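Residue strings, one per chain:
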Amino acid sequence: MRQHRWQDAAGLRHAISLQSYPLPPRPGEEIQTLCGEDLELTEQDFPQLPQYQRLKGTCFTCQAEWRARESLRPVP
Ligand SMILES: [Zn+2]
């Protein structure tokens, strides 16, 4: 079962724990990402909103942490 989800925040695609965030976070909320940052979400972080900004990179620390937590093989 999936235990994490991606969430755009502060210009990158970070991962968050579904245990900590069973419901999708909303603009204005602060989230703690798998890479350990506390980030406030804005309307630019939600694809369903017109303010959404595309072309964000992936946070590789979050990606590595996700794979470690779910016992997936690391990305080579
Ligand atoms: Zn991250």
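Quick notes on the rules
- Position numbers for residues count from 1 along each chain, tracking the sequence in the order it is written.
- Thresholds applied to this predicted model are a pLDDT of at least 70 for local features of residues and 80 or more for the giving and counting of side-chain atom pairs; totals over whole chains, interfaces and linings are not thresholded and use all residues.
- Labels follow the DSSP assignment, with helices taken as runs of H or I lasting at least four residues and strands as runs of E lasting at least two, numbered in each case from the N terminus.
- Note on contacts: each residue gets a C-beta atom placed from the backbone, and two residues are in contact if those atoms are within 7 Å.
- Only strands joined by at least two bridges in the DSSP assignment are considered to pair.
- Helix axes use the C-alpha atoms of the stretch in contact, all axes being lines fitted to C-alpha atoms, and the angles between their N-to-C directions lie in the range 0 to 180 degrees.
- Neighbour density around each residue's C-beta defines its exposure: 20 or more other C-beta atoms within 10 Å make it buried, 12 or fewer make it exposed, and counts between make it partly exposed, where C-beta atoms are placed from the backbone.
- Arc definition: directions from the helix axis to the C-beta atoms.

What to know about unusual backbone geometry
And step 1. Notably, A10 is not glycine yet its phi reads approximately 50°, a positive angle.
And step 2. Looking at the secondary structure, you find A10 in the loop between β1 (4–9) and β2 (12–17).

Remarks on the environment of L18
And step 1. Mapping L18 onto the fold places it in the loop between β2 and β3 (30–32).
And step 2. Separated by 16 residues in sequence, L18 and R2 place their C-alpha atoms 8.2 Å apart.
And step 3. For L18, the contacting residues outside a window of four places in its chain are R2, Q3, H4 and R5.

Some words on the sheet that holds β2
And step 1. Across the sheet, which stays open at both edges, the 3 strands sit in the order β1-β2-β5 with mixed pairing between neighbours. Two strands lie at the open edges of the sheet, namely β1 and β5 (57–58), each paired on one side alone.
And step 2. Across 6 bridges, the pairing between β1 and β2 is antiparallel. Among the inter-strand pairings, R5 is bridged to a residue of β2, identified as I16.
And step 3. Where helix α1 (residues 60–69) meets the sheet, its contacts fall on β1, β2 and β5, and the angle it forms with β2 comes to roughly 30°.

Looking at α1
And step 1. Regarding α1, the residues found buried are C62, Q63 and W66. Looking straight down α1, one finds that the buried residues subtend no more than 100° of arc, so they occupy a single side. Along α1, exposed side chains directed more than 90 degrees from the buried face belong to F60 and A68.
And step 2. Those residues of α1 that are buried lie in contact with β1, β2 and β5.

Some remarks on the pairing of β2
And step 1. Hairpin connection of β1 to β2: 2 residues between the antiparallel strands, including A10 at a positive phi of 50°.
And step 2. When β2 meets β5, the two strands line up parallel, connected through 2 bridges. When the sheet's bridge partners are listed, R13 is paired in β5 with T58.

Worth remembering: the numbers are spatial, not functional.
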